[in-house]
Amino acid sequence: MRILQLLPELKVGGVERGTVDLSDHLVKLGHDSAVISAGGQLVNLLSAHGAKHYELPIAKKNIRALSQINNLKKIYSNVGCFLFTVVIIKQCLNLSLSD
């Protein structure tokens, strides 16, 4: 399975750490994992466990962020299919959404 996660930045924080940990777990299970973000301190951890990182300036909340749409489309096509994190967590942990 190919999984692509998208978040603003990979700085130190709960969501960011969870993204890296989930990516590491997915790679260990034999899946292809990729993350799109504006970069940050945790990018090296993605590379260390074999995930791919695509750096795009998506952390800013302004109209110029919309200019990244074509770049996002190119990455989606390169990675192939992608799943939302909630679906990935359900599959990895074998939980139902009602649990």
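Up top is the structure.
### Structural notes on the overall build of the protein chain
Looking only at helices and strands, the protein chain has 4 helices and 3 strands in total. Mapped from its N terminus to its C terminus, the protein chain presents α and β elements in the order β-α-β-α-β-α-α. Out of the 99 residues in the protein chain, the part that is buried amounts to 31%. In the protein chain, the share of contacts with a sequence separation of at least 24, taken over all contacts with a separation of at least 6, comes to 61%. For the protein chain, the accessible surface area stands at approximately 6400 Å², while carbon and sulfur atoms represent 56% of it.

### Looking at the sheet that holds strand E1 (residues 2–6)
With respect to topology, 3 strands assemble into an open sheet ordered E1-E2-E3, the strand pairing being parallel. With partners counted over all chains shown, the strands left at the sheet margins are E1 and strand E3 (52–55), one partner each. For this sheet, the mean angle separating the axes of adjacent strands, direction not counted, is 20 degrees. Examined bridge by bridge, E1 and strand E2 (residues 32–37) share 5 bridges and lie parallel to one another. Paired with Ile3 across the two strands is Ser33, which belongs to E2. Here helix H1 (residues 14–28) sits on the sheet and contacts E1 and E2; the angle it forms with E1, its principal contact strand, is near 175 degrees. The sheet contacts of helix H3 (residues 69–79) involve E1, E2 and E3, and relative to E1 the element is tilted by about 155 degrees.

### Things to note about the side chain of Ser23
Summarising the element assignment, Ser23 is placed in helix H1. If sequence neighbours within four positions are ignored, Ser23 has contacts with Gln5, Ser33, Leu46, His49 and Ala51.

### Some details on the pairing of E2
The buried fraction of E2 amounts to 5 of the 6 residues, a majority that puts the element mostly inside the structure. The pairing of E2 with E3 spans 4 bridges and is parallel. Residue Val35 lies in a different strand from E3, and its bridge partner there is His53. One crossover worth recording links E2 to the parallel E3 by way of helix H2 (residues 43–48), and it is right-handed.

### Description of the environment of Val20
For Val20, the position within the fold is in helix H1. Here the alpha-carbon distance between Val20 and Leu45, two residues 25 residues apart in the chain, equals 7.0 Å. Those residues in contact with Val20 that sit more than four places away from it in its chain are Leu10, Leu42, Leu45, Leu46 and His49.

Procedures and definitions
- Residues numbered from 1 in each chain as written.
- Predicted model: local features only at pLDDT ≥ 70, side-chain atom pairs only at ≥ 80, totals over all residues.
- Heavy atoms only, no water.
- Helix = DSSP H or I, 4+ residues; strand = E, 2+ residues; numbered from the N terminus.
- Buried < 20%, exposed > 50% of the residue type's maximum accessible area, 1.4 Å probe, protein only.
- Contact = heavy atoms within 4.5 Å.
- Areas by Shrake-Rupley, 256 points an atom, 1.4 Å probe, with all protein chains shown as cover.
- Pairing = 2+ DSSP bridges.
- Axes fitted to C-alpha atoms, helices over the stretch in contact; angles between N-to-C directions.
- Right-handed = clockwise from strand over helix to strand, strands pointing away.

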